[in-house]
Amino acid sequence: MSQNIKKIIAQEYIKCAKDPAYFMKKYCYIQHPTRGRILFSLYPFQEKVLHLFRDNDYIITLKSRQLGISTLAAAYSLWLMLFHKDKNVLALATTQATARNLVSKTMFMYDQLPKWLRLPALEKNKLSLRLKNGSKITAKSSNADAARSEAVSLLLIDEAAFIENIGEIWASAQQTLATGGGCIAISTPYGTGNWFHQTWIRAENKENDFLPIRLPW
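A quick note: this is a predicted structure, and the numbers were derived from the prediction, not measured.

Caption draft 1: Geometry of the environment of Glu 12. Relative to the helices and strands, Glu 12 resides in helix α1 (residues 3–18). Overall, the relative accessible area of 10% leaves Glu 12 in the buried class. For the pair Glu 12 and Trp 200, spaced 188 residues apart in sequence, the C-alpha to C-alpha distance is 38 Å. Once residues within four sequence positions are removed from consideration, Glu 12 is found in contact with Tyr 22, Lys 26, Tyr 27 and Trp 116. In terms of polar contacts, Glu 12 uses its side chain to reach the side chain of Tyr 22, at 2.6 Å.

Caption draft 2: Examining the pairing of strand β8 (residues 154–158) more closely. Within β8, 5 of the 5 residues are buried, leaving the element largely enclosed by the surrounding structure. Here β8 shows a buried face lined by Leu 154, Leu 156 and Asp 158 and a second buried face lined by Leu 155 and Ile 157. Across 4 bridges, the pairing between strand β4 (residues 88–93) and β8 is parallel. Opposite Ala 91, over in β8, you have Leu 156 as the bridge partner. The parallel pair β8 and strand β9 (residues 182–187) is bridged by helix α6 (residues 166–177), and the resulting crossover is right-handed.

Thresholds, definitions, all that
Residues numbered from 1 in each chain as written. Predicted model: local features only at pLDDT ≥ 70, side-chain atom pairs only at ≥ 80, totals over all residues. Heavy atoms only, no water. Helix = DSSP H or I, 4+ residues; strand = E, 2+ residues; numbered from the N terminus. Buried < 20%, exposed > 50% of the residue type's maximum accessible area, 1.4 Å probe, protein only. Contact = heavy atoms within 4.5 Å. Polar contact = N/O pair within 3.5 Å; in protein donor to acceptor, adjacent residues only side chain to side chain. Pairing = 2+ DSSP bridges. Right-handed = clockwise from strand over helix to strand, strands pointing away.

Written out as structure tokens, the structure reads:
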């Protein structure tokens, strides 16, 4: 490899490490239901949300369907894992299959990366991806012990309003997040009085650490 190419790659790597939006728009491929494999061209609102993900530890997102926020969270997880050592991302959802869907999105993006960006994987299966730098993403279903076992850098909760025992999970997760982790809770609205609804109201009233993001159609 010529010195010139090495230099270009080094510059690109730095740009990607600094800005997750640049990394995604240039190197992340997603599976589009009708168009197949396409580059993840972020909409301006997705780019704004992405930078809020990066700059805040706790985010709660109330969204409409089909806005690509779960895909954005999967891509953000990949960026976090590639450019930071020992990041432990835990994806939680109502069922293991839904949580696995998040990990599958991350895995698909990882597989399409150019070789110079793709860190070797030490573990790669339907439920987890672990990279050579110690970072990993794991999918789990929402049982109360899901987030108890290990220090979590990022807890991703998809469709949080639909998870019945999310209050218990959150209570046990807080201990593992206390070491400097963060949480992104995403959901479409569903009912009132549940953990997601209460956490959202408190976030709006600035009574907790969550930054509320509302994404209507």
